[in-house]
Amino acid sequence: MIVMEIDDIFTETEKINVYNNGSSTTYLVGQKPYEDIMLSWDNLLNGSHEMPAYGVSLNKETLKAMNSGLWVEFDFGKPTEYNGMPFEKLLVEVNKGFFGFNIIRYTKQNGYDGRCFYIDLVNKDMNDFYNVLVNI
């Protein structure tokens, strides 16, 4: 049996959408900003721990929240599954002071409704990743 860790699934990402105060920019595989984001994301997740998530996303509330602040969405371009939970996209709110965060799943059928994954960064914060996203 092959056991995947949550950070392994991001190698399947086809494009990355960055939402900054409601404006979105898309980066595709092979573009330098895509590669810079993925390198920073890998560094962020290095040494982190997946934890049981208490968060449940509500599509309407998530769409509203995405109009402010900084968000990154990993688009897989096809139905994907991890730990028995399906998704086509994974969304993360990015804040400098966060030491952990929910990963919100998106499916065509339910939008952003449903259970989340949770990552504990273990003595790190999102500061460097935040700076990469705002300075692309």
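Right above here is the structure, for reference.
Everything numeric in this text was worked out from a predicted model, so none of it was measured.

With that settled, the discussion passes to the layout of surface pockets. If a probe the size of a water molecule is rolled over the atoms, the empty space left behind becomes visible. Of the pockets and cavities examined, the largest pocket occupies roughly 190 Å³. In terms of lining, the largest pocket is formed by 14 residues, of which the most central are Trp71, Glu93, Phe98, Asn102 and Ile104. When its residues are assigned to classes, the lining of the largest pocket shows eight nonpolar, four polar and two charged.

Within the structure shown, the criterion is met by 10 aromatic pairs. Here the aromatic rings of Trp41 and Phe129 are separated by 5.2 Å at their centres, their planes lie at 55°, and the arrangement is tilted. Of this pair, Trp41 sits in helix α1 (residues 32-45) while Phe129 sits in helix α3 (residues 127-134); the two residues are 88 residues apart in sequence, bridging distant segments of the chain. Its relative accessible area of 1% is what places Phe129 among the buried residues. Residues Phe76 and Phe87 carry aromatic rings whose centres are separated by 5.2 Å and whose planes lie at 65° to one another, so their mutual orientation is edge-to-face. Here Phe76, found in strand β5 (residues 70-82), pairs with Phe87, found in strand β6 (residues 85-94); they are 11 residues apart in sequence, far enough to count as distant. Through successive ring pairs, a cluster of aromatic residues spans Phe10, Trp41, Phe74, Phe76, Tyr82, Phe87, Phe101, Phe117 and Phe129.

Each value, and the rule that gives it
- Residues numbered from 1 in each chain as written.
- Predicted model: local features only at pLDDT ≥ 70, side-chain atom pairs only at ≥ 80, totals over all residues.
- Heavy atoms only, no water.
- 1 Å grid on protein atoms, 1.4 Å probe; cavity = no way out; pocket = protein on both sides within 12 Å on 5 of 7 lines; lining within 4 Å.
- Points joined across faces, edges and corners; volume = space filled by probe spheres on them.
- Nonpolar A, V, L, I, M, F, W, Y, C, P; charged D, E, K, R; others polar.
- Phe/Tyr/Trp six-rings, centres within 6.5 Å; stacked < 30°, edge-to-face > 60°.
- Helix = DSSP H or I, 4+ residues; strand = E, 2+ residues; numbered from the N terminus.
- Buried < 20%, exposed > 50% of the residue type's maximum accessible area, 1.4 Å probe, protein only.

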